[in-house]
Amino acid sequence: TPAARPLLESLFEDPDSGGVSFSGPPPSGFEMTLTVGTALAAIGPGAMPEIAAALEDRDARLRLSATVALELMVSPPGPRVQALVEKLADPSRCIRYSVIDALGRMGSDARAALPVLRAALERGDEDSRRMEKAVRKIEGVQEGDEQPQ
């Protein structure tokens, strides 16, 4: 997958400067981010080195694509959850929100993230409301319920 990095980066470039061109209107940046994340997830665990590199990239679009890939990938959740947990401290609120939401949507597969999310809640992190929702989803608590399902 190391050869994939230039291709992934080219997807975000302006077609006039050598990036990928599209027939019809080009997808929005957000659509492209989702497309790249979905493509990486489809590659599966073999894409983990590229996903790990993208998580550390200074381009937030690549980091966001990586979080999408980790959420959607069909593979054992342990390494994916750990990689997402490490991005809870990302300087970009958009990335943090994506990570928190991804963990919540992963449900019980993201149980390993509960101690970190609970510790952040106890500290009163600025993202605590979103984290509360994610914790409830991971625990299987439905909106308005008090007990796990």
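So, about the overall build of the chain. When its secondary structure is counted, the chain shows 8 helices and 0 strands. Counted from the first residue to the last, the chain has its helices and strands arranged as α-α-α-α-α-α-α-α. Classification of the 149 residues of the chain by burial places 41% in the buried group. Excluding contacts between residues fewer than 6 apart, the proportion of contacts in the chain whose partners are at least 24 apart in sequence is 58%. Total accessible area on the chain is roughly 8,300 Å²; 54% of this is exposed by carbon and sulfur atoms.

Before going further, it helps to spend a moment on the environment of Glu50. As for its position among the elements, Glu50 is in helix α3 (residues 48-55). For Glu50, a relative accessible area of 9% corresponds to the buried category. In this structure the C-alpha to C-alpha distance between Glu50 and Leu40, which are 10 residues apart in sequence, comes to 8.4 Å.

Scanning all chains against the criterion turns up 11 salt bridges. When the shortest N-O distance is used, the salt bridge between Lys87 and Asp90 registers 3.1 Å. The pair Lys87 / Asp90 is uniform in exposure class, with both members buried. A salt bridge links Glu126 to Arg96, with the shortest nitrogen-to-oxygen separation between them at 3.6 Å. One end of the pair, Glu126, is in the loop between α7 (114-123) and α8 (128-139); the other, Arg96, is in helix α6 (residues 93-105), and 30 residues separate them in sequence. The buried category is assigned to Arg96, whose relative accessible area is 10%. A single salt-bridge network, built from bridges that share partners, covers Glu56, Arg63, Lys87 and Asp90.

Below, the discussion takes up the nonpolar core. Ranked by internal contacts, the top residues of the largest apolar core, which has 34 residues, are Ile51, Val81, Leu84, Leu88, Leu103 and Leu117. For this core, the secondary-structure elements that each account for two or more residues are α2 (29-43), α3, α4 (60-72), α5 (77-86), α6, α7 and α8. Those residues in contact with Leu88 that lie beyond four places of it in its chain are Arg96, Val99, Ile100, Leu103, Val116 and Leu117.

So, about the environment of Leu121. Mapped onto the secondary structure, Leu121 falls in helix α7. We classify Leu121 as partly exposed; its relative accessible area is 24%. Measuring from C-alpha to C-alpha, the distance between Leu121 and Met131 comes to 7.1 Å, with 10 residues separating the pair along the chain. Residues within four places of Leu121 in sequence aside, it is in contact with Ser128, Met131, Glu132 and Val135.

The set of residues buried in α5 consists of Arg80, Val81, Ala83, Leu84 and Val85. Against the buried residues of α5 lie α3, α4, α6 and α7.

Each value, and the rule that gives it
Residues numbered from 1 in each chain as written. Predicted model: local features only at pLDDT ≥ 70, side-chain atom pairs only at ≥ 80, totals over all residues. Heavy atoms only, no water. Helix = DSSP H or I, 4+ residues; strand = E, 2+ residues; numbered from the N terminus. Buried < 20%, exposed > 50% of the residue type's maximum accessible area, 1.4 Å probe, protein only. Contact = heavy atoms within 4.5 Å. Areas by Shrake-Rupley, 256 points an atom, 1.4 Å probe, with all protein chains shown as cover. Salt bridge = Lys/Arg side-chain N within 4 Å of Asp/Glu carboxyl O. Core = buried A, V, L, I, M, F, W, Y, C linked by side-chain atoms within 4.5 Å.

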